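# Notes for the structure review
Residues per chain are reported as follows:
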Amino acid sequence: MKVEAVEVRNVLTRASGYLRDVCSHSLQPYRGCSFGRSLCGVGCYVRHNPWVTAGRAWGEFLEVRGNAAESYRKHAPRERAWAREARGGFGIFLSSATDPFLPHEQRFGVTRSVLAAMQDEPPDVLIVQTHSDAVLDHRAALLALAERCDLRVHLSIETDRERLPGLPPPAVPVARRIEAAAALHAAGLRVVATVAPLLPIADPDAFFARLASACDAVVIDHFIGGDGSPDGARTRRTPLPDAMERVHPGASTLAYRDEMVAAARRHLPSRVGVGADGFAGRWLDHPGQRAVS
Ligand code: SF4
């Protein structure tokens, strides 16, 4: 993997597309992702973004934005004012195009410095999205930030299966991610399991029962509708749909998503969100809930 230091002009990106209704901004401490060659990287939506990849293979480059915290401190006041006026609140998604707690974070500490900067310039809403149990290393900082803003930790847990035949293993085992969710939940943080993109689940009732005890809520998102292309066309160019169908025929259809939503609702009544609504914190049976609550 090629790792290089870069300077970012403004680390706060105004949200558009899928995230437009979820938050006002996204924030990437890194560009590229060292989890890109693991299971989640196979269907990762970012790998199709030429502006991010610039022709580079996904999972083989990482730009370290060492000035991210400084940039955040500089731009947060103006972006907050714009967001409150234009979007109804200053909500940050950390992160949509990388993982904030990938292994290089231990060495470079960019996310840690950004979380520290947010203590001084808190957003109104912070959604911390990760595939890694390394989020536990930041428990104290997150608890402190939760005192200053509306914070949710989203842990990606796409299935109960540790392997999908023919595909690489996940960056972090499923069991460890569920344990991390439970630990953060027990510490008092609001934790959401993001089953996104939904992969074939071996035992839906056992899976959602386990998530119900480890998390506050669950979001289910299928690659159809979730990957930003009509009918999941982007993801259909990857090996993911075929692998899903081999494990569970029908898993690459929206009917399967609906079946899993029904299973989740049996165990987490009023605590299940679907697609962008779920990422925004809007749960089924709570139609009046605020987008950023
Ligand atoms: S951790 Fe997220 S950004 Fe990184 S490869 Fe996986 S899905 Fe993509």
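Residues numbered from 1 in each chain as written. Predicted model: local features only at pLDDT ≥ 70, side-chain atom pairs only at ≥ 80, totals over all residues.

## Structural notes on the overall build of the protein chain
Assigned secondary structure in the protein chain consists of 13 helices and 11 strands. In terms of its C-alpha atoms, the protein chain occupies a principal-axis envelope of roughly 50 × 40 × 35 Å. Looking at the protein chain as a whole, 51% of its 293 residues are labelled buried. Across the protein chain, the fraction of contacts at a sequence separation of at least 24, relative to all contacts at a separation of at least 6, is 76%. (Helix = DSSP H or I, 4+ residues; strand = E, 2+ residues; numbered from the N terminus. Buried ≥ 20, exposed ≤ 12 C-beta atoms within 10 Å, placed from the backbone. Contact = placed C-beta atoms within 7 Å.)

## Focus: the environment of Q28
Structurally, Q28 is set in the loop between β3 (25–27) and β4 (30–32). Q28 sits 101 residues away from Q129 along the chain, and the two C-alpha atoms are 11 Å apart. Residues within four places of Q28 in sequence aside, it is in contact with S95, A97 and T98.

## Some points on the nonpolar core
In summary, soluble globular proteins display a tendency toward joint burial of nonpolar side chains. If you look at the biggest cluster of nonpolar residues, it comprises 81 residues, and the most contacted ones within it are L126, A181, A193, C215, V218 and I220. Those residues in contact with A181 that lie beyond four places of it in its chain are L155, V191, A193, A214 and C215. (Core = buried A, V, L, I, M, F, W, Y, C linked by C-beta atoms within 7 Å.)

## So, the pairing of strand β7 (residues 125–130)
Side chains on a regular strand alternate between the two faces of the sheet. The buried fraction of β7 is high, at six of six residues. Both faces of β7 are covered, namely the face carrying V125, I127 and Q129 and the face carrying L126, V128 and T130. Pairing of strand β6 (residues 91–94) with β7 involves four bridges; the strand directions are parallel. If you follow G91 over to β7, its bridge partner there is V125. In terms of strand pairing, β7 meets strand β8 (residues 150–156) through six bridges, oriented parallel. (Pairing = 2+ DSSP bridges.)

## Focus: the sheet that holds strand β1 (residues 2–6)
Sheets are built from strands paired through backbone hydrogen bonds, the pairs being either parallel or antiparallel. Taken in spatial order, the three strands of this open sheet run β1-β5-β4, and their pairing is mixed. For this open sheet the edge positions go to β1 and β4, each flanked by a neighbour on one side alone. This sheet shows a mean twist of 20 degrees between the axes of neighbouring strands, independent of strand direction. The pairing of β1 with strand β5 (residues 61–65) spans five bridges and is classified as parallel. (Axes fitted to C-alpha atoms, helices over the stretch in contact; angles between N-to-C directions.)

## As for the packing of helix α8 (residues 204–214) against helix α12 (residues 254–267)
The N-to-C vectors of α8 and α12 enclose an angle of 45 degrees; their axes lie 8 Å apart at closest approach. In terms of orientation, α8 and α12 fall into the oblique class. The two elements α8 and α12 meet at a crossing, and its hand is right-handed. Mapping the contact onto sequence places P204, D205, F208, A209 and A212 in α8 and M260, A263, A264 and H267 in α12. (Parallel < 35°, antiparallel > 145°, perpendicular 65-115°, else oblique. Left-handed = near helix turned anticlockwise from the far one by under 90°.)

## Digging into the sheet that holds β6
Spatially, eight strands are ordered β2-β3-β6-β7-β8-β9-β10-β11 in an open sheet, and the strand pairing comes out mixed. Both outer strands of the open sheet, β2 (12–14) and β11 (272–274), are each paired with one neighbouring strand and no more. Direction aside, the axes of adjacent strands within the sheet are offset by 25 degrees on average. As defined by bridge partners, β8 adjoins strand β9 (residues 190–195) across five bridges and the pair is classed as parallel. When the bridges of β9 are listed, H154 appears paired with V192. Where α12 meets the sheet, it contacts β10 (217–220) and β11, and its direction lies at approximately 175 degrees from that of β10.

## A closer look at unusual backbone geometry
Geometrically, the link from L94 to S95 is a cis peptide bond, its omega value of 10 degrees lying close to zero. Positionally, S95 belongs in the loop between β6 and α4 (104–108). For the peptide bond that leads from A196 to P197, omega is -10 degrees, which places it in the cis range. In this structure, P197 sits in the loop between β9 and α8. Non-glycine residue A54 carries a positive phi angle of around 45 degrees. On the secondary structure map, A54 appears in the loop between α2 (50–53) and β5. Residue A54 is classed as exposed on the basis of its C-beta count, with 11 C-beta atoms lying within 10 Å.

## Observations concerning the site of the ligand
C33, F35, G36, C40, G41, C44, V46, T98, D99 and H131 make up every residue found near the ligand. Class assignment for the residues of the shell around the ligand results in five nonpolar, four polar and one charged. (Near = placed C-beta within 6 Å. Nonpolar A, V, L, I, M, F, W, Y, C, P; charged D, E, K, R; others polar.)

## Description of the environment of V11
Assignment of secondary structure puts V11 in the loop between β1 and β2. Residues V11 and G109, spaced 98 residues apart in sequence, show a C-alpha to C-alpha distance of 15 Å. In contact with V11, not counting residues within four places along its chain, are L27, R65, A68, S71 and Y72.

## A few points about helix α5 (residues 110–120)
Along α5, the positions that sit buried rather than exposed are V110, T111, V114, L115 and M118. Down the axis, α5 shows its buried residues gathered within 135 degrees of arc, on one side only. (Arc of directions from axis to C-beta.)

## As for the pairing of β8
Most of β8 sits out of view: six of its seven residues are buried. Crossover β8 to β9 through helix α7 (residues 174–187) is right-handed. (Right-handed = clockwise from strand over helix to strand, strands pointing away.)

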